[in-house]
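Understanding the architecture of this molecule
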Amino acid sequence: MEARYKKKNTCGIICLKYLLFLFNICFWLAGGAVLAVGVWTLVDKSDYISLLNSNFYSASAYVLIAAGAIVIVTGIIGCCATLKEMRSLLIVYLVLLLCIFLLEITAGVLAYINYQECFPFCHQLDNELRQNLKLTMQEKYQQPGQESITLSVDKLQQEFKCCGSQNFSDWTESQWIQRAKNQQLVPDSCCKTPSALCGRRDHPSNIYRLEGGCIEKLEDFIQSQLYILGAVGIGIAFLQLVGIMFTCCLCRNLKEDLY
């Protein structure tokens, strides 16, 4: 009877062990995905960062990179603790899981509930977009030493199919347009089919005149990304509950580490 109970208990521990190991692999992959999104934001979306006089975007990307790195390290600790069946290391892993869980729940809830109610970072983002994008376009586009800004504005207008910050008329106050000797009305990147000097004609059939300003398109894009990140964060957090339960069960069934 005792041998049967011991065998049953051993089988239970083995099942828990491999279930927790499988969870840690998934958790590690999720951390890698978060890390990749942070790196992608810095590399691919760095053009948009240069259009705002703020560190908000880069700070957000670094937070994602840090969070991904923490999750990867936690997953590695979990795998080692599970394979070696070290109760003390499992407890460390459990504490890390709980901390990450609480942080994700807090961040996700704040992103969803407080976005329209004085959530400081979101309001800061909105104000920065409205205050800086128009001035950046008007004062720095096609100016000496501002080649990166020029490329960023061109990429923004082409990718989001827009012209100007609020609308195409913003370009009438641009320093480049006012000094231009080629009779440009808008940059060539405002054209639906960009070509040399196509910006001399501002008819709706030629430029993105009726599609709305870039600021609205950029705000919608950023808000959608924030909501997606919030939803993913909450989803991963509840997935961690499974890992926490597996860890608690395995800790309870394992004996104290022998030294």
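Quick notes on the rules
Residues numbered from 1 in each chain as written. Predicted model: local features only at pLDDT ≥ 70, side-chain atom pairs only at ≥ 80, totals over all residues. Heavy atoms only, no water. Helix = DSSP H or I, 4+ residues; strand = E, 2+ residues; numbered from the N terminus. Contact = heavy atoms within 4.5 Å. Areas by Shrake-Rupley, 256 points an atom, 1.4 Å probe, with all protein chains shown as cover. Patch = residues over 30% accessible without salt bridge, like charges linked within 9 Å, V, L, I, M, F, W, Y side chains within 5 Å. Salt bridge = Lys/Arg side-chain N within 4 Å of Asp/Glu carboxyl O. Buried < 20%, exposed > 50% of the residue type's maximum accessible area, 1.4 Å probe, protein only. Expected span 1.5 Å × (residues − 1). Arc of directions from axis to C-beta. Core = buried A, V, L, I, M, F, W, Y, C linked by side-chain atoms within 4.5 Å. Disulfide = S-S within 2.5 Å.

Summing up its helical and strand segments, the protein chain has 8 helices and 0 strands in all. Looking at the protein chain alone, contacts between residues at least 24 apart form 69% of all its contacts between residues at least 6 apart. Working note: accessible area of the protein chain is about 14700 Å², and carbon and sulfur atoms make up 66% of it.

On the surface, a cluster of nonpolar side chains totalling about 370 Å² of accessible area is made up of Ile-25, Trp-28, Leu-29 and Ile-76. Relative to the elements of secondary structure, Trp-28 occurs in helix α1 (residues 2-44). For Trp-28, a relative accessible area of 38% puts it in the partly exposed group.

This paragraph deals with the pattern of salt bridges. Across all of its chains, the model carries 3 salt bridges by this definition. Measuring nitrogen to oxygen at the nearest pair gives 3.6 Å for the salt bridge that ties Glu-211 to Lys-192. Here Glu-211 is found in the loop between α7 (175-179) and α8 (214-253), whereas its partner Lys-192 is found in the loop between α7 and α8, with 19 residues between them in sequence. By relative accessible area, Lys-192 is classed as partly exposed at 34%. Two residues, Asp-202 and Arg-209, come together in a salt bridge whose shortest N-O distance is 3.9 Å.

Glancing now at helix α6 (residues 147-159). Relative to the 18 Å expected for 13 residues at 1.5 Å per residue, α6 spans 18 Å between its end C-alpha atoms, a close match to the ideal helical length. Turning to α6, its buried residues are Ile-149, Thr-150, Ser-152, Val-153, Leu-156 and Gln-157. Looking down the long axis of α6, one finds its buried residues gathered within 165° of arc, a one-sided arrangement. At the C-terminal side of α6, Lys-161 shows a positive phi close to 55°.

Once that is clear, we can look at unusual backbone geometry. Its identity is not glycine, yet Gln-142 carries a phi of approximately 60°, on the positive side. For Gln-142, the position within the fold is in the loop between α5 (120-140) and α6. Positive phi, close to 55°, is recorded for Lys-161, a residue that is not glycine. By secondary structure assignment, the location of Lys-161 is in the loop between α6 and α7.

Moving on, we come to the nonpolar core. Met-137, Leu-156, Cys-163, Trp-171 and Val-186 are the most contacted members of the largest nonpolar core, which totals 23 residues. By residue number, the principal contributor to this core is α8, which donates 4 residues. Residue contacts for Cys-163: discarding those within four places in its chain leaves Gln-157, Phe-168, Trp-171, Val-186, Cys-190, Tyr-208, Gly-212, Gly-213 and Cys-214.

All right, on to the state of the cysteines then. Counted by the stated rule, this structure contains 3 disulfides. Put simply, Cys-191 and Cys-198 are joined by a disulfide, and their sulfur atoms are 2.2 Å apart. Given an S-S torsion of about 115°, the disulfide between Cys-191 and Cys-198 has right-handed geometry. Per residue, the accessibility class of Cys-191 equals that of Cys-198, and both read buried. Ordinal numbering of bonded cysteines along the protein chain defines a disulfide pattern of 1-6, 2-3, 4-5. Here Cys-79 is not cross-linked by a disulfide; its sulfur's nearest cysteine counterpart is in Cys-80, at 6.9 Å. Judged by its relative accessible area of 14%, Cys-79 falls in the buried class.

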